[in-house]
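Here is what each chain is made of, one letter per residue.
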Amino acid sequence: MFAPDGLMMTVIGPLLTLALILVLRLRQPGSEKPLTPRFLWLPPSLYLAAVMFMLIRHPPTPLGWLLLLVGLLIGGAAGWARGRLFALRLDPASGTVLRRRSRWAISLLIGIVSLRFVANLWVGPVTDSTPSGAATLLVTDVMLGLVFGLLVATRIEIALRARRLLASLRS
């Protein structure tokens, strides 16, 4: 675990960062932006490359692979829900799909990041000399799957909804 005197140094910085991001995101009015389908796949692709690098560097145990899959499924469900929270609108003049993030989508993402922070705080840092190092790697495996599932499912949900909007314009 963590030492009580080191708790302040471990907790204050990330919590202040989360609070600042939440305040800034929730205060900004949700502006509409054109949805560019080819850029929907960029964040998941980059994250997949990072995940592959981490899995090659620290191959999971069989339990780690199972937890990665569980994280992927949970992240997929959360990503589908998050994708439904984005407001999509068809601009009839230009024929483009406009998207706007909802406050709930941002709150859901902040909640998942907070959950990850609390899980890592509970387990503690990874060092070779501590028995919690293996537990931290297992938590990391879950979180890798969760974030990847969240990114992919959000993008798929948005892409499917945008496709339906464009199909309704053509018919």
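In what follows, the structure referred to is the one given above.
Residues numbered from 1 in each chain as written. Predicted model: local features only at pLDDT ≥ 70, side-chain atom pairs only at ≥ 80, totals over all residues. Heavy atoms only, no water.

Attention now moves to the overall build of the chain. The secondary structure content of the chain amounts to six helices and three strands. Mapped from its N terminus to its C terminus, the chain presents α and β elements in the order α-β-α-α-α-β-β-α-α. Buried positions account for 30% of the 171 residues belonging to the chain. Restricting the contact set of the chain to residue pairs at least 6 apart, pairs at least 24 apart contribute 78%. When the accessible surface of the chain is totalled, it reaches about 11,000 Å², and 72% of it is carbon and sulfur. (Helix = DSSP H or I, 4+ residues; strand = E, 2+ residues; numbered from the N terminus. Buried < 20%, exposed > 50% of the residue type's maximum accessible area, 1.4 Å probe, protein only. Contact = heavy atoms within 4.5 Å. Areas by Shrake-Rupley, 256 points an atom, 1.4 Å probe, with all protein chains shown as cover.)

Attention now moves to the sheet that holds strand 3 (residues 96-100). Spatial ordering of the open sheet is given by 1-3-2, a layout of three strands whose pairing is antiparallel. Here the strands that pair on one side only, and so sit at the sheet edges, are strand 1 (33-34) and strand 2 (87-91). With five bridges joining them, strand 2 and strand 3 adopt antiparallel strand pairing. From the neighbouring strand, Ala 87 faces strand 3, where its bridge partner is Arg 100. (Pairing = 2+ DSSP bridges.)

All right, on to the nonpolar core then. General note: in soluble globular proteins, nonpolar side chains tend to be found buried as a group. Leu 35, Leu 40, Phe 86, Leu 88, Leu 90, Val 97, Ile 158 and Ala 162 together form the largest nonpolar core, which totals eight residues. Those elements that place two or more of their residues in this core are strand 2 and helix 6 (132-170). The residues touching Ala 162, leaving out its near neighbours within four places in the chain, are Leu 35, Leu 88 and Val 97. (Core = buried A, V, L, I, M, F, W, Y, C linked by side-chain atoms within 4.5 Å.)

The next thing to look at is the packing of aromatic side chains. With the rule as written, the count across this model stands at one aromatic pair. Note on Tyr 47 and Phe 148: the rings are 6.4 Å apart at their centroids and 15° apart in plane angle, and the pair reads as stacked. On the criterion of sequence distance, the pair formed by Tyr 47 in helix 3 (residues 42-57) and Phe 148 in helix 6 is long-range, its members being 101 residues apart. (Phe/Tyr/Trp six-rings, centres within 6.5 Å; stacked < 30°, edge-to-face > 60°.)

For helix 4 (residues 62-85), with 24 residues, the first-to-last C-alpha span of 35 Å sits near the 34 Å given by 1.5 Å per residue. Buried within helix 4 we find Gly 64, Leu 68, Gly 71, Gly 75, Gly 76, Ala 78, Gly 79, Arg 82 and Gly 83. (Expected span 1.5 Å × (residues − 1).)

So, about a nonpolar patch on the surface. Residues Leu 63, Leu 66, Val 70 and Ile 74 make up a contiguous nonpolar surface patch of roughly 340 Å² in combined accessible area. Within the secondary structure, Ile 74 sits in helix 4. Judged by its relative accessible area of 46%, Ile 74 is partly exposed. (Patch = residues over 30% accessible without salt bridge, like charges linked within 9 Å, V, L, I, M, F, W, Y side chains within 5 Å. Salt bridge = Lys/Arg side-chain N within 4 Å of Asp/Glu carboxyl O.)

Turning our attention to helix 3. End to end, helix 3 covers 23 Å across 16 residues, agreeing with the expected 22 Å (1.5 Å per residue, within 8%). Of the positions making up helix 3, those classed as buried are Pro 44, Val 51 and Leu 55. For helix 3, the angular spread of buried residues about the axis comes to 35°, placing them on one side. Opposite the buried face of helix 3, at more than 90 degrees from it, the exposed residues are Leu 46, Phe 53, Ile 56 and Arg 57. (Arc of directions from axis to C-beta.)

Once that is clear, we can look at the pairing of strand 3. Note: strand 1 against strand 3, two bridges, orientation antiparallel. Note on strand 3: the bridge partner recorded for Pro 34 is Leu 98. Adjacent in sequence and paired antiparallel, strand 2 and strand 3 are bridged by four residues, among which Gly 95 carries a positive phi angle near 75°.

We now examine the side chain of Asp 141. Inspection of the secondary structure assignment puts Asp 141 in helix 6. Looking at Asp 141, the relative accessible area reads 7%, which means it is buried. Excluding residues that lie within four positions of it along the chain, Asp 141 makes contacts with Leu 55, Pro 60, Gly 64, Leu 67 and Leu 68.

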